[in-house]
Amino acid sequence: EINGAFSIDDVYDISERTEENKAKGVLLDASEIKFMTSSVIGIMISKYRALEELNVPLGLFSLNTPNKEVLRVARVEQLFNVFDTLNAGIENFTQK
């Protein structure tokens, strides 16, 4: 579990933890992201790519509507599984 702000360094930490634990998916709590900047999108894409190499999907939950729109406009929304709640994400990833 990684809480609070995240940086590009967290990408490697998440990849290592995911590989060690044989995770079925990684879920990021987006409830604290007030505005989706290009820097945040860049970090999330880096996380996506690192996890993609491990064949592990990346999901976001509690993403507000304006930020969903930012992902759509940036044309990257298809990279991320977006869930309303943590439980919805867990349920989705454990069914695979």
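What counts and how
Residues numbered from 1 in each chain as written. Predicted model: local features only at pLDDT ≥ 70, side-chain atom pairs only at ≥ 80, totals over all residues. Heavy atoms only, no water. Phe/Tyr/Trp six-rings, centres within 6.5 Å; stacked < 30°, edge-to-face > 60°. Helix = DSSP H or I, 4+ residues; strand = E, 2+ residues; numbered from the N terminus. Buried < 20%, exposed > 50% of the residue type's maximum accessible area, 1.4 Å probe, protein only. Pairing = 2+ DSSP bridges. Right-handed = clockwise from strand over helix to strand, strands pointing away. Polar contact = N/O pair within 3.5 Å; in protein donor to acceptor, adjacent residues only side chain to side chain. Salt bridge = Lys/Arg side-chain N within 4 Å of Asp/Glu carboxyl O.

J.: Now, about the packing of aromatic side chains: what can you tell me, with residues and values included?
T.: For the structure on display, the rule yields two aromatic pairs. A centroid spacing of 6.2 Å and a plane angle of 75° characterise the contact between Tyr48 and Phe80, whose relative ring orientation is edge-to-face. With Tyr48 in helix 2 (residues 38–52) and Phe80 in the loop between helix 3 (65–73) and strand 3 (81–83), this pair connects stretches of sequence that are 32 residues apart. With a centroid separation of 5.6 Å and an interplanar angle of 85°, the aromatic rings of Phe83 and Phe93 are classed as edge-to-face. Within this pair, whereas Phe83 is found in strand 3, its partner Phe93 is found in helix 4 (residues 86–94), the two being separated by ten residues in sequence. By the burial criterion, Phe83 is buried, and Phe93 matches it.

J.: Which residues make up the pairing of strand 1 (residues 26–29), and what are the values?
T.: Here strand 1 shows a buried face lined by Val26 and Leu28 and an unburied face lined by Leu27 and Asp29. Relative to strand 2 (residues 58–61), strand 1 is paired through four bridges, and the arrangement is parallel. Within strand 2, the position partnered with Val26 by the bridge is Leu58. Chirality of the crossover, the property in question, places the unit of strand 1, helix 2 and strand 2 among those that are right-handed.

J.: Describe in detail helix 3, supporting the description with residues and values.
T.: By the N-cap criterion, in which a side-chain oxygen at the helix start approaches the backbone nitrogen of a residue two or three places on, helix 3 is capped by Asn64, the distance to Asn67 being 2.8 Å. Directly beyond the C-terminal end of helix 3, a positive phi value near 60° is found at Arg75.

J.: Lay out the pattern of salt bridges with the relevant residues and their values.
T.: According to the stated counting rule, one finds two salt bridges in the structure shown. The partner of Asp84 in a salt bridge is Lys68, with the nearest N and O atoms 3.7 Å apart. Here Lys68 lies in helix 3 and Asp84 lies in the loop between strand 3 and helix 4, a separation of 16 residues in the sequence. Looking at Asp84, the relative accessible area reads 61%, which means it is exposed. You can call Lys68 partly exposed: its relative accessible area is 32%. A salt bridge links Arg72 to Glu69; its shortest N-O distance comes to 2.5 Å. Taken together, the residues span about one helical turn, with Arg72 and Glu69 both in helix 3 at a distance of three residues. Residue class for Arg72 comes out partly exposed when judged on its relative accessible area of 45%.

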